[in-house]
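# Descriptive analysis of the structure
Here is how the chains run, residue by residue.
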Amino acid sequence: EETLGKVLDRSKDLLGLIEGVLEITQLSVEKPKVEIKEFHLADLLNELRLDYDVSLNKKLTLVWDFPSDLPTMKTDSEKVRHILQNLINNAIKFTELGQVVITALYFPKTRKVEFKVADTGIGIQKELIPVIFEKFRQGDSSERRLYGGTGLGLYIVKKLTDFLGGEIEVESEPGRGSTFTV
């Protein structure tokens, strides 16, 4: 049973790598099609919340902080969802204990929406922040690193954010966590 569990874990890692490589190949070769539609932002966030409404097998709390009266947005909702999923998945992966807070705010004067995914995880060393959005880059790229993954998630987040005309910023402190703002 333990061996089968390891095989399943490695198979999931391999599938994630293949999917990531296919996605970055598409992003590198052609500009992705942006399907602009109007959608309710609160509905998207509530759907995302349901996706994460499972036991994480960690001492970790997910906090969803957004007003129920968020406006409708006119952009590619699937790309926004993908950006948020990658950021949330990373926050969960790198946080064993504490919380991950997902926030959405609307600024009527500028007509901009801001998403934040903040965690109390391991954090990122300051000198590594400039390279974490590169392909196949991770804070710890050693063979013996504690956390799996391919180093493609943040690259994809950055590319999709750029394609949608957004910006992404990172604040982090080792041992205290990270906050990604889109």
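Please refer to the structure higher up on the page.
The sections below set out a description of the structure shown in this document.

Conventions we followed
Residues numbered from 1 in each chain as written. Predicted model: local features only at pLDDT ≥ 70, side-chain atom pairs only at ≥ 80, totals over all residues. Heavy atoms only, no water. Helix = DSSP H or I, 4+ residues; strand = E, 2+ residues; numbered from the N terminus. Contact = heavy atoms within 4.5 Å. Areas by Shrake-Rupley, 256 points an atom, 1.4 Å probe, with all protein chains shown as cover. Axes fitted to C-alpha atoms, helices over the stretch in contact; angles between N-to-C directions. Parallel < 35°, antiparallel > 145°, perpendicular 65-115°, else oblique. Left-handed = near helix turned anticlockwise from the far one by under 90°. Nonpolar A, V, L, I, M, F, W, Y, C, P; charged D, E, K, R; others polar. Buried < 20%, exposed > 50% of the residue type's maximum accessible area, 1.4 Å probe, protein only. Pairing = 2+ DSSP bridges. Phe/Tyr/Trp six-rings, centres within 6.5 Å; stacked < 30°, edge-to-face > 60°.

Next up on the list: the overall build of the protein chain. When helices and strands are tallied, the protein chain shows four helices and seven strands. Written out in order from the N terminus, the α and β elements of the protein chain read α-β-α-β-β-α-β-β-α-β-β. Sequence-distant contacts in the protein chain: of pairs separated by 6 or more residues, those separated by 24 or more amount to 72%. As presented, the protein chain carries roughly 11,700 Å² of accessible surface, and 51% of it is formed by carbon and sulfur atoms.

All right, on to the packing of helix α3 (residues 77-93) against helix α4 (residues 153-163) then. Axis separation between α3 and α4 bottoms out at 9 Å; the angle between their running directions is 150°. It follows from the interaxial angle that α3 and α4 lie roughly antiparallel. Here the hand of the crossing between α3 and α4 comes out left-handed. Counting all contacts with α3, which are made through Lys-79, His-82, Ile-83, Asn-86, Leu-87 and Asn-90, the residues of α4 involved are Gly-153, Leu-154, Ile-156, Val-157, Leu-160 and Thr-161. Among the residues making up the contact of α3 with α4, the classes are represented as six nonpolar, five polar and one charged.

Looking now at the pairing of strand β7 (residues 177-181). Counted residue by residue, β7 has four buried out of five residues, so it is predominantly covered. The pairing of strand β5 (residues 112-119) with β7 spans three bridges and is classified as antiparallel. Its bridge partner lying in β7, Ala-118 is registered against Thr-179. Counted along the chain from strand β6 (residues 169-173) to the antiparallel partner β7, the turn is three residues long, and its residue Gly-175 has a positive phi close to 80°.

Here we take up the side chain of Thr-75. For Thr-75, the position within the fold is in strand β3 (residues 72-75). Under the relative-accessibility criterion, Thr-75 is labelled buried at 11%.

Per the stated rule, a full pass over the model turns up two aromatic pairs. Both rings, one in Tyr-52 and one in Trp-64, keep their centres 6.4 Å apart while their planes meet at 40°; by these two values the pair is tilted. You can see Tyr-52 sitting in the loop between α2 (41-51) and β2 (59-65) and its partner Trp-64 sitting in strand β2, a full twelve residues away along the chain. Trp-64 gets classed as buried once you look at its relative accessible area, which sits at 15%. Summarising the aromatic geometry, the rings of Phe-133 and Phe-180 are spaced 6.4 Å apart at their centres and angled 85° between planes, so their arrangement reads as edge-to-face. Pair noted here: Phe-133 is in the loop between β5 and α4 and Phe-180 is in strand β7, with a separation of 47 residues, a long-range link. According to the relative accessible area criterion, Phe-180 is buried, its value standing at 7%.

Note that all results are geometric; they support no functional claim without further evidence.
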